[in-house]
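Inside the fold
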Amino acid sequence: MLILIDVKLLGKGQTNGVSGYTKELVSALLENTEHDYRLFYNGYKMNPLPEQWLKNTRVSVLNPRIPNKLFHLSARLFNVPKIDRIATDLIFSPHFHLLPSGKTPRIITFHDLSFIHYPQFFSPKQRFWHWWQNYAKQAHEAKHIIAVSEYTKADLINILKIPAEKITVIYSGISRHFKKLSTENLELRTFQESNRLTKPFFLFVGTLEPRKNIPTLIKAFAIL
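Below, the structure is looked at part by part. (Residues numbered from 1 in each chain as written. Predicted model: local features only at pLDDT ≥ 70, side-chain atom pairs only at ≥ 80, totals over all residues. Heavy atoms only, no water.)

Attention shifts here to the environment of Pro 105. Looking at the element boundaries, Pro 105 is found in the loop between strand S4 (90–93) and strand S5 (106–110). In this structure Pro 105 comes out as partly exposed when scored by relative accessible area, which is 31%. Distance from Pro 105 to Asp 89, taken between C-alpha atoms, is 7.5 Å for residues 16 residues apart in sequence. Once you skip the residues sitting within four places of it in the chain, Pro 105 turns out to touch Asp 89, Leu 90, Ile 91 and Lys 143. (Helix = DSSP H or I, 4+ residues; strand = E, 2+ residues; numbered from the N terminus. Buried < 20%, exposed > 50% of the residue type's maximum accessible area, 1.4 Å probe, protein only. Contact = heavy atoms within 4.5 Å.)

As a further point, take the side chain of His 95. With respect to the helices and strands, His 95 occurs in the loop between S4 and S5. On the basis of relative accessibility, which here comes to 13%, the residue His 95 falls in the buried class. Beyond its immediate sequence surroundings of up to four residues, His 95 is in contact with Leu 9, Val 18, Arg 106, Ile 108, Thr 109, His 111 and Trp 129.

Attention shifts here to the pairing of strand S1 (residues 2–6). Looking along a regular strand, one sees side chains alternate from face to face of the sheet. Burial analysis of S1 places 5 of its 5 residues in the buried class, which makes it a mostly covered element. Here S1 shows a buried face lined by Leu 2, Leu 4 and Asp 6 and a second buried face lined by Ile 3 and Ile 5. Two elements, S1 and strand S2 (residues 36–40), share 5 bridges in a ladder whose sense is parallel. Paired with Asp 6 across the bridge in S2 is Phe 40. Handedness of the S1-helix H1 (residues 17–32)-S2 crossover: right-handed. Judged from the 3 bridges that link them, S1 and S4 form a sheet pairing that is parallel. (Pairing = 2+ DSSP bridges. Right-handed = clockwise from strand over helix to strand, strands pointing away.)

See below:
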């Protein structure tokens, strides 16, 4: 099977939950499946994709080199260019970014609908971006949807009116980079000393933004 995956969000080099999800998932698919993959990676001045992906003989990259602002404008207003004009069996989107396509079935991951529940946590520009992506239409047109939690699945059903049978909950995994190390591990000790981690601490790996509720995390740490 030839699967097209939209990885254009990796071009900005941002480190957040969705980009991490995309990187880990693509790496796992390449390692654990025998399918062929075409990566849609559009734009100019993009950060390079992981070298191990590009060296894989089952991977090809589709980059029409259209400025992303122009691409998104054309996608929203005219539903072009169709990215599956080159034959592919399935399209996978790790997020609900606009992606014009023809009749090829598409699977989309929805991580949450926090922008609906808590619009006050998003800037006017971010709220406009979510509206521009036309997420409800994309959800209804998708062949299937992956929700990363039962809560998100319930939101998709209750808010966007998506049939339950069209949604599968698949929890996000844990990168193999995260593992328990011995307290005698030299690398761990060096990291602790260089960062003055001599007392108990919480490791928070989320984005620093209001909706992550960092003050409550700090309060919880103080209580413990």
